[in-house]
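Fold and geometry: a report
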Amino acid sequence: MTLFDRVFGGNDAVYGLTEGAIDGAIAQYGEDKAVSFPNTAYSLPCYYAVTGTKVTTLKELKEALGVVKTLMTREKRLNDAFMSGVATALCAEFIEVLKYIDGATPYEEPCYGHLADAVIRELGVPLVTGDIPGVAVILGAAPTTEEGVALVKSYQAQGILVTLVGGIIDQVAEAGMKTGANVRVIPLGKDVTAVIHVVSVALRAALIFGNVKPGDAGTLMKYTMDRVPAFVNAFKPLDDVIVACGAGAIALGFPVVTNETENIFRVPKSLIVQEDVSKFNATSLEARDIKIKITNIDIPVAFASAFEGEIIRRKDMQVEFDGSRVDCAELVQTCDASEIEDHKITVVGPEVDDMELGSKNSIAYVVKVAGKNMQADFEPVIERKFHNYINCIEGVYHTGQRDMQRIRISIEAFNAGFKIKHIGEVLYASVKNEFDAVVDKCEVVIYTDPAECTRIRHEVAIPTFDKRDERLDTLTDESVDVYYSCILCQAFSPSHVCVVTPERLGLCGAVSWLDAKATHQLDPNGPCQIITKERPIDENLGSYEDVDEAVQKFSQGALEHVTLYSIMQDPMTSCGCFECICGIEPFSNGVVIANREYAGMTPLGMTFPEMASMTGGGVQTPGFMGHGKHFISSKKFMKAEGGIERIVWMPKELKEFVAERLNKTAQELYGIENFTDMIGDETVAEDPETLVAFLTEKGHPALGMDPMM
Amino acid sequence: MPFNQKPQKFNAKINAVTIGSGDKTVTIGGENSFPFYTFDAPTENTAKIGVEISDLGLDEFSEGVKAYYEGATTMAEIAQKAAAIEGADFVALILDGGDPNGANKSIEELIEVVKEVAGAIDCPLVVEGCKNVEKDAELLPKVAEVLQGRNALLLSEKEENYKAIGAAAGLAYNQIVGAESAVDINLAKQLNVVTTQLGVDAKKIVMNIGSAAAGYGYEYVVSTMDRIKGAALGQSDNMLQMPIITPVSAETWAVKEATASEADMPEWGSADERGIDMEVMTAAADLAAGSDAVILRHPESVKTISKLIKALA
Amino acid sequence: MALNGIQIFKLTPKKNCKECGCPTCMAFSMKVAQGAMQIEQCPHMSDEALASLSEATAPPMKTIKIGTGDAEFTLGGETVLFRHEKTFVSKPRYAVSLCTCMDDAEVDAKLAAIPHVDYDRIGERMHVELVYVNCSADADAAKYTALVEKAKGLGRTLVLGCTDPEIAKAALEVCKDGKPVLNGANADNYEAMNAVATEAGVVLGVSGKDLNELYDTVAALEKLGNKNLVLDTTGADIKETFANTVQVRRAALKDQDRTFGYPSIVNLVKLAKGDYHLQAALASVFTMKYGSIIVMEQMTYAEALPLFGLRQNVYTDPQKPMKVEPGIYPLNGADENSLVVTTVDFALTYFVVSGELERSGVPLNLVINDAGGLSVLTSWAAGKFSSTSISEYIKEEVEPKVKCRKLVIPGKVAVLKGDLEAKLPGWEIIVGPREAVQLVKFLKDMQA
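Residues numbered from 1 in each chain as written. Chains lettered and ligands numbered in written order. Predicted model: local features only at pLDDT ≥ 70, side-chain atom pairs only at ≥ 80, totals over all residues.

Labelled according to an unreviewed UniProt entry, chain C appears under the name Acetyl-CoA decarbonylase/synthase complex subunit gamma, originating from Blautia intestinihominis.

Right under this line is the structure:
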């Protein structure tokens, strides 16, 4: 037998039963007898939602059954199976509605049967907000009462709404567990057809919350698939009817997890066999992509930003870990979901208890993450937050990063019961909460065994860091498909838009292309948006139609054109956060750069604040541009005007700060050694005449270049 | 040679949103020009005025306001008197008492107040939460539920609780969603984007872009409104075309200029008069910058702003 | 279209002679482009360059100066219609109106009331800068001149509202040294009024029965060589006045119609007609939208407090946030033993924080030091609100004056706690809430 046979068979069986039941009812009551569910404005909600037709009498019900029959096509195609599943569900609704004839109350405590519209409106809000992260439909009897109850409780603890159909209801009752809408465990009914009452909830939610038009079955199914986080747990044995119902669930986007192994056909992400009932929860959540918010971090000390600035002094310290003396490392590793057990925290090596008071130890923690949207580029972004997370622990202090971190745990925290594993708890919870858009699963391994730390540091961490640095070095504007906008500063500089590219970080110096990319992924409606670069106008200037359109949009029309590589033609605007400003120095045919910290005069005859006053505020001032310090050594620095060769003057401090990288770029681009020696500073000149004399003496290349204006 | 008049025509317009049900409704927005620029385009819907009342009764109000409400003891009576003020278009009930750091009234208690007020008046109703995001996330859905059929405007959903309030008010119970952000065009837009992504109809959203009393960082309010209207009309940005409501009184009656007693500041003169002028001037500035509705407290302020709106219509 | 600094630089002599006061021609050019200097300030500019530049760099709206000495004010010179585009540069000035139609008692009462409002707000003196002296139709030169004389006694810059050239001439005799405005030219009398104003060397106010007439009269006056004008945009009613005022400004700035490139006078006395609250609302509207001189019947504290606050806000430079003076601000009757709380000098932060602190009723010393006028996180990120800057200020200014050794810092800079403890021995550093609204509860909890 194939899965198709089972679905079709189950469907036919239910259809037959339904037809019989309706005919029987007509015989008993006459075909004008009214049929309805109580307390709903949606007639027979499932049938109404799918077809847009309201059924009010037995006669109409019979006609509706004819419509259902048309869904029951028998080609062995996936769609036929799905539609037969839907048909089975609709038949179930018909059978159920017959139970309510003459205002009967077919369901008794603890079973609910049909749920009123009011309940759906009430449950719908927490469903939309994610306060109810999912809806579990448990069908049949668990292998044992204990297993069944444990499963229900596991969902309940996660805030998931649990609906029960069949044998599980008795099991839960037997265990004395409280049920009801208020505790979010709702027994529907013992017949398998009672499952329709939860389907009815999902479909009415689509009508009420999704504004789906009744009869628009395509949109309906898309809504339940995208927005109703329901799934089915069906216990063995599964008969054909249940399999047919399951097909209906799958059609709505609800995966089915079962422990049945006989005569079953696995469908990835949809029909999943999980023999171990204790793993139903994890399997279901993963299949339906449900993430549980962590509201409480289970550690014996407080966790709050108020502790961020706490410093643990030596005398108050229980133990410390010091990357500058012994092997340490902190690392985020992207793994495949199958390699990770969510929320597993492992400590390899001694715990704090085993360490001597005041001792210096090794530590290396590897936070393994997996997620459909996770990219290796986000690893350093997540990693950089470790400092902040660990510092927020009361009595724990963290500085540094990569393999140079230092951590201290205070005596007080130790006495309160703080352990190494709690660092893992904090990292787990913080990463899951803050990066939930990209991290689906997270596991933490903390090594305190010195040999293991050495291995992790040298064989895992350092090679990873090297690889990342290499990627950063090779990441060029040409090597990526998109740039990002950043409008974080618009609050005080309304028309400013930063275009962040790999070789040009935000002018505040704080937002790199990778940061912007991660920000976009984590907050798709946030300040960083994708800018495509498919329609170049002039590659040398770095002007693109796409970029122009983006800056027009994000500046609300205040800006029309921006070039990425020119300071003379439509230079990028500045908000006022810039680390540095470069400005054209006409007498030497080059540019002067001043950094924010520099208080003196420049050869332009302007100080940094004077230059800032004409460059900031989102205005374009040809000849002047704000930028970050690291941009100075970029190969894209005013590339259109000839690049870094144009730099004729910088404050001494800034020059020293950028010297190594700048000289390297000059070497690569022009073969000039020690380029910074040719660049003036305040000790050489603060006026153009002296500067030109100096440049002439040094043979600065800018003097011989094409005029800038 | 006469003056060459160049009207500024926009192809886009602000959404017109109707609040209330039955015979008594008000419509705000709908304009396709800057505020009061009747020389560019005729006024679509004049700006509207709401009268603020609070579940805390009259205790926190100034003497002049108390004098007006004299004799009103129940919330129903207070609401009726508020609705009767000359120039009032709607009543805005603020559930201040829900603030966990203040009176911390239970949700049940507050819902009773909402029911009492809703039952006492038939004019359009705006209900504002207690401003605590967690409490409002529980409170406002309940308010939305008991006001089914009233087509009330609920203030405010914020970035932190937009799902609960947006879903309840905008989806489950068919009210108007008031989206509040903190005086920043991008935050305002982002909130509208996520609210509509929730499924809420963009035409059922009214923005509160944040406010301030004159002199208290008011420049941010001006520029945010200027930019929002500019983007909504000039750039046809449909995520900024929601009309703007500004709760003026809550800000203006809290600043020193309005609260300082005459005993403390004898040279400043009548406290009530200071409160009125602070309220009137801030409201007038809000309207000139782009508010489509303002919420005021003092009957004299309501009357004055109503005159101003009529004079400029 | 305005020229940018580079375009201007190309036309300079490039001698770096420094005679204009700038160290280089480049610096000079950038300042001219910004409107901070006039092209004529370069002594070596060729006539040719001057001619081409002065037209191109001339601002779309004239800058008009009125008054003298401390009472000198600059009107107009705006370049944008919305403050976020750049900055509004010349604040509107408020005038209280006197009239020959008032009896002596009324005039004396007004003259006595005007100086009453005079106070400081964030480093700016707030007072009624101007007095409008209106000449009613039935008044003669003697009566009007007497009133002008009386008004002059206040030492405020005058605006004479008078359409009779003879009477105006007489009145100017007694007050022209104070550089008043003569508001009275119209289509019928502009030639005579022009002569009077030009002779006295004062700014002339022009009005018209509608915008077309106003436009033509201005054009006619310009033809007579007078570009020292303000435009009285007051119309028959509120709606017309608003339409006039906005359209005049918009024509000048958006449509580059220089005939309307002058500051405005809006006379609320004619619009509010004794309704003081309506007048308050109108004063606010015209402060927002393009009034340069706003004439009112009165200015009480109730009106001044919000109005001057609004003006101060609207006319701040969007790039240069308002700052409060560093210092120790005792609140709620604090003394030397009261708790110390600190935040940044950004005016908005200061107002919000001090408001909440006052609401708490807890006596405390609010310490403000120079944090560059930025918000807490921004100034922290810029290194201007650091453990060093805070601790130095506390040591130098606070320790000698305050005995309490408990310091509350904003929750957003909790990260400074450890450093501050190290740099301020003997102090207990307490991390406050992240948002000002949580201060009341925080302080109450602390007291408990």
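Overview of the overall build of chain A
To be explicit about the condition: Starting at the N terminus, helices and strands are each numbered in turn, a helix being any DSSP run of H or I of at least four residues and a strand any DSSP run of E of at least two. Based on C-alpha atoms, the radius of gyration is set beside the globule rule, defined as 2.2 Å times the residue count to the power 0.38. Each residue is classified by how many other C-beta atoms fall within 10 Å of its C-beta atom, where C-beta atoms are placed from the backbone; a count of 20 or more means buried, 12 or fewer means exposed, and values in between mean partly exposed.
Looking only at helices and strands, chain A features 21 helices and 23 strands. Computed over C-alpha atoms, the radius of gyration of chain A comes to 33 Å, more than 25% over the 27 Å expected from 2.2 N^0.38 for 709 residues, which places it beyond the range of a compact globule. When the backbone C-alpha atoms are referred to their principal axes, chain A occupies close to 110 × 65 × 45 Å. In chain A, which comprises 709 residues, the share counted as buried stands at 52%.

Side note on the overall build of chain C
Just so we agree on the cut-off: We call two residues in contact when the distance between their C-beta atoms, placed using the backbone, is within 7 Å.
Helices and strands together make up the secondary structure of chain C, namely 17 helices and 17 strands. On the principal axes, the C-alpha backbone points of chain C span a range of 75 × 65 × 35 Å. Looking at chain C as a whole, 53% of its 448 residues are labelled buried. In chain C, the share of contacts with a sequence separation of at least 24, taken over all contacts with a separation of at least 6, comes to 63%.

A look at the domain arrangement of chain A
Residue and element names in this part refer to chain A. Worth spelling out the cut-off: Here the limits of each domain have been adopted from an automatic or database domain assignment.
Domain annotation of chain A identifies domain 1 (3–103), domain 2 (117–288), domain 3 (305–470), domain 4 (477–554) and domain 5 (580–704). Centre-to-centre separation of domain 3 and domain 4, based on C-alpha positions: 32 Å. Residue-level contacts link seven residues of domain 3 with six residues of domain 4.

A short note on the sheet that holds strand S6 (residues 153–157) of chain B
Hydrogen bonding along the main chain pairs the strands of a sheet, whether they run parallel or antiparallel. All names here are of chain B. Selection criterion: Note: two strands are recorded as paired if DSSP finds a minimum of 2 bridges between them. Axis definition: a line fitted to C-alpha atoms, limited for helices to the stretch in contact. Angles are taken between N-to-C directions and run from 0 to 180 degrees.
As summarised here, the arrangement of the eight strands in space is S8-S7-S6-S5-S4-S3-S10-S9, forming an open sheet in which the pairing is parallel. Sheet topology places strand S8 (205–208) and strand S9 (245–247) at the edges, where each strand pairs with a single neighbour. Sheet twist, expressed as the mean angle between neighbouring strand axes with direction ignored, is 25°. Sheet topology note: the strand S4 (residues 90–94)/strand S5 (residues 125–128) ladder contains four bridges and is parallel. Each residue of the ladder has a partner; that of Ile94, found in S5, is Glu128. Sheet strands in contact with helix H5 (residues 162–172) are S6 and strand S7 (176–180), and its direction is about 165° off that of S6.

Some points on the interface of chain A and chain C
To keep things clear, this is the line we draw: Under this grouping Gly is polar, as are all residues other than the nonpolar Ala, Val, Leu, Ile, Met, Phe, Trp, Tyr, Cys and Pro and the charged Asp, Glu, Lys and Arg.
At the junction of the two partners, chain A supplies 23 residues and chain C supplies 26 residues. Among the residues making up the side of chain A that touches chain C, the classes are represented as twelve nonpolar, eight polar and three charged.

Overview of the interface of chain C and chain B
How large an interface is tends to be reported as the accessible area lost when its parts come together. Across the boundary between the two partners, chain C contributes 43 residues, which contact 46 residues of chain B. Where the side of chain C that touches chain B is concerned, the elements lending two or more residues are helix H8 (211–223), helix H9 (238–253), helix H11 (276–288), helix H12 (301–314), helix H13 (347–360) and helix H17 (439–447) of chain C. At eleven residues, H12(C) tops the list of elements feeding residues into the side of chain C that touches chain B. When the residues that make up the side of chain C that touches chain B are grouped by side-chain class, the tally is 24 nonpolar, eleven polar and eight charged.

With respect to the sheet that holds strand S11 (residues 363–370) of chain A
All names here are of chain A. Read from one edge to the other, the open sheet built from four strands follows the order S8-S11-S14-S9, with strand pairing classed as mixed. Two strands close off the open sheet at either side, each with one partner strand: strand S8 (328–334) and strand S9 (345–348). For this sheet, the mean inter-axis angle between neighbouring strands, taken without regard to orientation, is 10°. With four bridges joining them, S9 and strand S14 (residues 441–447) adopt parallel strand pairing. Across the sheet, the residue bridging to Val347 is Ile446, located in S14. Packed on one face of the sheet, helix H15 (residues 420–434) meets S9, S11 and S14 and runs near 155° to S14.

Here we look at the nonpolar core
Put simply, the rule reads: The term nonpolar core refers to a set of buried Ala, Val, Leu, Ile, Met, Phe, Trp, Tyr and Cys residues connected through C-beta atoms within 7 Å.
Counting residues in each nonpolar core, the largest one holds 340 residues, and the members touching the most others are A:Val195, B:Val91, B:Leu154, B:Ala284, B:Ile305, C:Ala95 and C:Leu182. Considering every element that reaches this core, the biggest residue donor is helix H4 (residues 78–99) of chain A, with twelve residues. Excluding anything up to four places from it in sequence, B:Val91 contacts B:Gly50, B:Val51, B:Ile53, B:Ala79, B:Ala82, B:Ala83, B:Ile121, B:Cys123 and B:Leu125. In terms of nonpolar packing, the next biggest core, distinct from the first, is built from 144 residues, A:Leu331, A:Ile407, A:Ile584 and C:Cys20 among them.

Brief notes about the domain arrangement of chain C
Examined at the domain level, chain C breaks down into domain 1 (5–57), domain 2 (63–314) and domain 3 (327–447). Taken over C-alpha atoms, the centre of domain 2 of chain C sits 44 Å from the centre of domain 3 of chain C.

A word on the packing of helix H10 (residues 271–289) of chain B against H11(C)
Heads up, the condition is: Any angle that falls under 35 degrees is termed roughly parallel, while one over 145 is termed roughly antiparallel, one within 65 to 115 roughly perpendicular, and all others oblique. Two helices cross in a left-handed way if the nearer one is turned anticlockwise from the farther one by less than a right angle. They cross in a right-handed way if the turn is clockwise.
Relative to each other, H10(B) and H11(C) sit at 40°, their axes nearing to 8 Å. Classified by the angle their axes make, H10(B) and H11(C) are oblique. Of the two elements, H10(B) crosses H11(C), and the hand of that crossing is right-handed. Where H10(B) abuts H11(C), its residues B:Ile276, B:Asp277, B:Val280, B:Met281, B:Ala284, B:Ala285, B:Ala288 and B:Ala289 lie against C:His277, C:Ala280, C:Ala281, C:Ser284, C:Val285 and C:Met288. The class makeup of the residues in the contact of H10(B) with H11(C) is eleven nonpolar, two polar and one charged.

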